[in-house]
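# Fold and contact review
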Amino acid sequence: MARHGARTPLLLQLSLLLLLLPGGTLGCASVAVGSPIVPLGSAVTASCTVRSEMCRGLEQGKVRITWMLDNEPMAGSQRRDVEGSEVSNLTLPQFNRTQARLWCWVEWNGTKQRVGMAEIRAGYPPAKPFNLSCVLNLSDYGLTCQWEPGADSHLPTSVALKFARSRAPAGTGCTPQGGNNRCRVPRRLLQLYRQMELWVSATNALGTAESEHLCIDPMDVAELDPPALQSIQSVPFQSDCVTVAWEVAHSHMHMELLCELRYRAPEDAAWALVTGIPGQARTAQHCGFLFGTPYRFQMRCRRSSARGYWSDWSPSRNYTTHEKAPAGTLDAWWSARPAGAGGWLEVQLRWKAPGWREANGRVLGYRVTLSPRRRGRDPPTICNTTRTQCNFSAPVGTARVYLSAYNAAGESAATEVVLLERKVACPHAGQPLAGLRAVPGGERSLWVRWEPPPAPPAAYVLEWQRVPVEPGGCSACWQMERDGATTAALIRDGIEPFQRYNISVYPLYPDAVGMPVHTAAYSKQKAPSFAPKLHLKSISKSDAELCWEPVPVEMQNGFITSYTIFWANSTAEVSSAAVGPSLSSFVIQELKPSTLYKVLIMASTAAGSTNGTSLTLVTMALDDIEIQFLFLTLGLVFVLLILLLICFQKNGRVKQQFWPSVPDPAHSSLGKWVPAELPQEPLQVPSMREPSLATISTVTVLERAAGKQRPSRGKEPTGEPTGAFPVPPQPYVRQERPGTAWAAVEPQRGRGGSGEPVQYARVVGAGYKGQQHVPPRLYLRCGSSSSQPLLGDPSPSPQPYENLWFHGAAPQGCPGDGGCPEELPATFPLLQGLRIGGAEELHDCRVF
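A brief look at the structure comes next. (Residues numbered from 1 in each chain as written. Predicted model: local features only at pLDDT ≥ 70, side-chain atom pairs only at ≥ 80, totals over all residues. Heavy atoms only, no water.)

The final tally for this structure, using the stated rule, is 13 aromatic pairs. Aromatic pair tyrosine 263 and phenylalanine 297: ring centres 5.8 Å apart, planes at 35 degrees, arrangement tilted. Of this pair, tyrosine 263 sits in strand E21 (residues 257-264) while phenylalanine 297 sits in strand E24 (residues 294-303); the two residues are 34 residues apart in sequence, bridging distant segments of the chain. This pair shows no difference in class: tyrosine 263 is buried, exactly as phenylalanine 297 is. Judged by centre distance (6.3 Å) and plane angle (50 degrees), the rings of tyrosine 295 and phenylalanine 297 are tilted. (Phe/Tyr/Trp six-rings, centres within 6.5 Å; stacked < 30°, edge-to-face > 60°. Helix = DSSP H or I, 4+ residues; strand = E, 2+ residues; numbered from the N terminus. Buried < 20%, exposed > 50% of the residue type's maximum accessible area, 1.4 Å probe, protein only.)

With that settled, the discussion passes to the side chain of serine 523. Mapped onto the elements of the fold, serine 523 is located in the loop between strand E42 (517-522) and strand E43 (534-539). Looking at serine 523, the relative accessible area reads 4%, which means it is buried. A distance of 2.8 Å separates a polar side-chain atom of serine 523 from the backbone oxygen of glutamate 443. Here glutamate 496 takes part through its backbone oxygen, which lies 3.3 Å from a polar atom of the side chain of serine 523. With near-sequence residues (within four places) excluded, serine 523 lies in contact with Pro440, Gly442, Glu443, Arg444, Ser445, Leu446, Ile495, Glu496 and Pro497. (Polar contact = N/O pair within 3.5 Å; in protein donor to acceptor, adjacent residues only side chain to side chain. Contact = heavy atoms within 4.5 Å.)

For the peptide bond that leads from valine 467 to proline 468, omega is -10 degrees, which places it in the cis range. Looking at the element boundaries, proline 468 is found in the loop between strand E37 (459-467) and strand E38 (477-481). Despite not being glycine, tyrosine 141 has its phi angle at roughly 55 degrees, a positive value. Along the polypeptide, tyrosine 141 turns up in the loop between strand E10 (130-137) and strand E11 (142-148). Its identity as a non-glycine residue notwithstanding, tyrosine 193 has a phi of 60 degrees, on the positive side. If you trace the backbone, tyrosine 193 turns up in the loop between strand E14 (182-185) and strand E15 (196-204).

Spelled out as structure tokens, the structure:
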């Protein structure tokens, strides 16, 4: 079973190989379609027939037929016919592809194989060609025809130019090559001077279409060579007429031609055309030309049958007519002012150059006089210039001047210029206009419209000036409207886009010039060239005042409609405000204290906006009043501190409370009578456990030298012996407990004494400020009956002192004279903390 299963794929592969061998499917299957070319969108039917007996390997198996339209599967119906063949039918209800391949597939034992294919094309019938035209070339007499094709049919289409001559069957004249829509019929197929019928035929699998038939004589469509202009001259006696002479091509000498002549001046917008000129005449005369004007002439011809084509225009020939004295009057405008106390007027007279029709040639100059020209006499000339303005002085009361233009042929008639008075109003005239406005008429023109005054004027004068005045341009361009009933005028002279112009309109009355009315306008606007630069004028913790310089007029490019200020903090909270174009400052309010802001200004016109550079500012933490109050407070505190320091310095009691005085024992009076060097025995004192008492290291008692008097403040004993100051005894200190020590001196032989040491005093350390208050103690020197030499001999101590730290009331039971303690000097800090215990047992004590 395993071997049989393994053999099955091998047999299937061999069967497919036999099907794919050359001739393996020959006659095995066939595909048939109703029509290989169908109209686009129509239905398509197809069938696929598979003969199993002719297909190797399919005799015993079941065959399944499937369809593929290009790569798209299609579903068909399958059946078996009477001959035992498998037949599958397919119907496509709407075929919307211009070209596709339909494949028939056979599926056997799970494997598919293509066994047949049919190609289908779809499209439209050919469209009808149109605009057929032909031209005969007289150099080789070949007829070239061209046409416009119709819509694409999506199918192969053949196109041919057909012709038919009289009493001859139709034939093919030419076939276009390379997809062109023109071809050339040779001379041998043409019939000159006789009618021929020509048309275009287009044919494809779905039908045939023909253009309209063209019946022509080939000579009627002959293309002629243009004539050549020989000369152009003015007629002497008729100065506005000229004579034109020409020659035709030699090949056209035998033809009857009809020609046309055209001419134009530089100022003309279109050509002037002269028709109906016989070609054989060779010359023609025409009138109505302007004097002193350059013209350009051209000519063309065709056959007189009026069915042929015109030749090309001949090469141009230029001619200038002869001049004549200028004609017409000149438009003039003036301004006058007194020239001082001499009785003269300074007059500025301006005028417009005559038009090219009135100039009758090139104007050489202008002449201004105070009186008209008379027969045989020329008036004195006050101005002779080639410009269109003149400044001159005239006597006061001059009411008229006379202006004329001249060229090489003569001088025009003088134009009388009346110097009218300019005033606001008069009883019946002189009123200004009721209204004035200006709108763009184009990029380089402006329409000025106004409302006429109550009294109709005789004329109007319009003045306009660029802002700012451009060097080299007209300082005040102007024009005159002689029709007093008009209410609008188009101005063009010197108008440029994106520039501002101030416009004034003066009404002219028979005896006065009305006051002008002014306006401003742009012919075209755009965004400003730049926005103003912001400046910080003042700032506080919540407000910031900004200012800027207005945009110059020449950089505005239009009327400024508004300035928009934007400001944002570090958290991207953006706010904005718009101000009018007349303002140059703005106050931003409700700002946060001590915050960084970026501020931007934008200038806008009706045609766009421009952003300026940003300004960074930081609001203050405090306002000016708050800062002043803070400084005032600090100043008061500083003054109070100084006053307190002064008080502390002056008041010793207060000073001692905060800064107690600690004297330097090295500079005390004790340091003067104590020997410089004394052998000391260090006192080993255990660590202090009670901070209330101070530890005393050494106490030394000295004997006063014999004969040395002790200074005293009271009475001194008189019976004390004097003697030499003995060698100081070695000190001895016995420490019993922290804070208390018993002091003694070594034995010394003296009068009435023994050699045993006697305990006479106890030294106890006292605390400083902050410790428990104790009653003041006395430092006493005792003169008892003890046999101690120390107690019996005079003491070398200085004056008695009192502990200043414990300065207070005298102790109870003070003796009379000399019995009260005296103050110790402040330079003995160690002695101030000492108190001697056991003094109550001593008799006959006195203060030392």
